[in-house]
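Summary of the model geometry
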Amino acid sequence: MEVKVLDINGKETGRTIELSDSVFGIEPNQHAIYLDVKRYLAAQRQGTHKSKERGEITGSTRKIKKQKGTGTARAGSIKNPLFRGGGRVFGPRPRNYSIKLNKNLKRLARKSAVSLKAQESNLVVVEDFNFDAPSTKQFVNVLKALGLENKKSLLVLGESNKNVYLSSRNLRRASVVTDSGVSTYDVMNANSLVITESSVEGIVENLSK
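Rules of the game
Residues numbered from 1 in each chain as written. Predicted model: local features only at pLDDT ≥ 70, side-chain atom pairs only at ≥ 80, totals over all residues. Heavy atoms only, no water. UniProt positions renumbered as here; feature names shortened; annotations may be inferred. Helix = DSSP H or I, 4+ residues; strand = E, 2+ residues; numbered from the N terminus. Rg over C-alpha atoms; globule rule 2.2 N^0.38 Å. Buried < 20%, exposed > 50% of the residue type's maximum accessible area, 1.4 Å probe, protein only. Contact = heavy atoms within 4.5 Å. Areas by Shrake-Rupley, 256 points an atom, 1.4 Å probe, with all protein chains shown as cover. Phe/Tyr/Trp six-rings, centres within 6.5 Å; stacked < 30°, edge-to-face > 60°. Lys NZ or Arg CZ within 6 Å of the ring centre and 35° of its normal. Pairing = 2+ DSSP bridges. Axes fitted to C-alpha atoms, helices over the stretch in contact; angles between N-to-C directions. 1 Å grid on protein atoms, 1.4 Å probe; cavity = no way out; pocket = protein on both sides within 12 Å on 5 of 7 lines; lining within 4 Å. Points joined across faces, edges and corners; volume = space filled by probe spheres on them. Nonpolar A, V, L, I, M, F, W, Y, C, P; charged D, E, K, R; others polar. Right-handed = clockwise from strand over helix to strand, strands pointing away. Salt bridge = Lys/Arg side-chain N within 4 Å of Asp/Glu carboxyl O.

In the annotation of an unreviewed UniProt entry, the entry for the chain reads Large ribosomal subunit protein uL4, and the organism field reads Avrilella dinanensis. Turning to the chain, the UniProt annotation filed under Sequence similarities (unreviewed entry) states: "Belongs to the universal ribosomal protein uL4 family." Here is the UniProt Subunit (unreviewed entry) comment for the chain, exactly as written: "Part of the 50S ribosomal subunit."

Written as structure tokens, this is what we have:
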């Protein structure tokens with residue numbers, strides 16, 4: 001798959017780059033994408049929720065009224081879940097929500113995600129760039145030049161770039177990652193995938209192992 005390389009002004013540089021069909025041109029597996037996104041979102045949950053059950057409530061255990069003759073239901077303790085301040089029945093307990101997927105499935109999901117963006121013409125390749133200092137305004141100008149200022153975008157860099165990352169941090173719709181940190185969720189959550197020339201080789205290498 002041959003794609004034109006753009007500069008940060010949104011204009012063609014006259015160069016093209018070959019994207020591997022084994023990574024960017026496969027038939028997307030929707031179920032693999034679903035499972036990997038589900039795994040990612042599940043891993044974001046803390047799982048520290050907790051409510052006290054009957055045995056954990058502080059209170060007297062004496063029988064609060066006689067067993068029979070009151071005309072109401074029997075009650076053996078003030079900690080009864082039916083009473084105000086009593087314990088909760090089958091309340092939430094701390095748990096781990098993580099889901100295990102094998103690495104081949106996760107790799108298939110990421111390849112499916114980037115292939116889907118390529119099929120939908122939502123994949124853009126730009127030449128490598130840098131800022132002299134962090135500048136949100138400069139980053140916004142790059143997005144405007146690419147026609148992405150009002151869309152969610154994911155920029156993939158070949159290597160960590162502090163100035164570019166800090167320039168995007170205040171923008172709600174823009175995210176920046178390196179080629180080794182691309183996740184299925186990030187790709188699917190973005191309207192457009194923007195990859196730099198230097199990141200193409202890293203993406204192919206990581207997804208072809």
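Looking at the overall build of the chain
Broken down by element type, the chain carries 7 helices and 6 strands. Taking 2.2 N^0.38 as the reference for a compact globule, 209 residues should give roughly 17 Å; the C-alpha atoms of the chain span a radius of gyration of 27 Å, well beyond that estimate. Buried positions account for 37% of the 209 residues belonging to the chain. Long-range pairs, those at least 24 residues apart, make up 69% of the contacts in the chain between residues at least 6 apart in sequence. Carbon and sulfur atoms form 47% of the exposed surface of the chain, whose accessible area is close to 12900 Å².

Focus: the packing of aromatic side chains
Counted according to the given criterion, the structure contains 2 aromatic pairs. An angle of 50 degrees between the planes, with centres 5.6 Å apart, marks the rings of Phe129 and Phe131 as tilted. For Phe129, a relative accessible area of 13% corresponds to the buried category. The ring centre of Tyr97 lies 3.7 Å from the NZ or CZ of Arg45, which sits over that ring.

Focus: the sheet that holds strand 6 (residues 192–196)
The strands making up a sheet associate through hydrogen bonds between their backbones, and the pairing can be parallel or antiparallel. The strand order 2-1-3-6-4-5 describes an open sheet built from 6 strands, whose pairing is mixed. In this open sheet, the two edge strands, each paired with only one partner strand, are strand 2 (12–18) and strand 5 (174–178). On average, adjacent strands in this sheet sit at an angle of 30 degrees to one another, irrespective of strand direction. Two elements, strand 3 (residues 123–126) and strand 6, share 4 bridges in a ladder whose sense is parallel. Across the sheet, the residue bridging to Val124 is Val194, located in strand 6. Sheet strands in contact with helix 7 (residues 197–207) are strand 1 (2–6), strand 2, strand 3, strand 4 (153–157) and strand 6, and its direction is about 100 degrees off that of strand 6.

Remarks on empty space enclosed by the protein
To find leftover empty space, one rolls a probe the size of a water molecule over the atoms. Taken as a whole, this structure holds 1 cavity of 30 Å³ or more when the rule is applied. In this structure, the largest cavity encloses a volume near 70 Å³. Lining the largest cavity, in full, are Val126, Phe129, Phe139, Val142, Leu143, Leu146, Ser153, Leu155 and Val194. Of all elements in the fold, only helix 4 (136–145) and strand 4 reach the threshold of two or more residues within the lining of the largest cavity. A per-element tally of the lining of the largest cavity places helix 4 first, with 3 residues. In terms of residue class, the lining of the largest cavity is made up of 8 nonpolar, 1 polar and no charged.

Examining the pairing of strand 4
Across the 5 residues that make up strand 4, a large majority, 5, are buried. Bridge count between strand 4 and strand 5: 5 bridges; the pairing is parallel. Following the sheet pairing, Leu155 is matched in strand 5 by Val176. One crossover worth recording links strand 4 to the parallel strand 5 by way of helix 5 (residues 162–168), and it is right-handed. Of the strand pairs in this sheet, strand 4 and strand 6 are connected by 4 bridges, and their pairing is parallel. Paired with Leu154 across the strands is Leu193, a residue of strand 6.

Examining the pattern of salt bridges
A side chain of one charge can pair with a side chain of the opposite charge if their charged atoms are brought near each other. Taken as a whole and assessed by the stated rule, the structure comprises 6 salt bridges. The residue Glu12 makes a salt bridge to Lys4 at a minimum N-O spacing of 3.3 Å. By relative accessible area, Glu12 is classed as exposed at 52%. Put simply, Lys50 and Glu56 hold a salt bridge, and the shortest N to O gap is 2.9 Å. Taking the relative accessible area as the measure of exposure, Lys50 reaches 43% and is therefore partly exposed.

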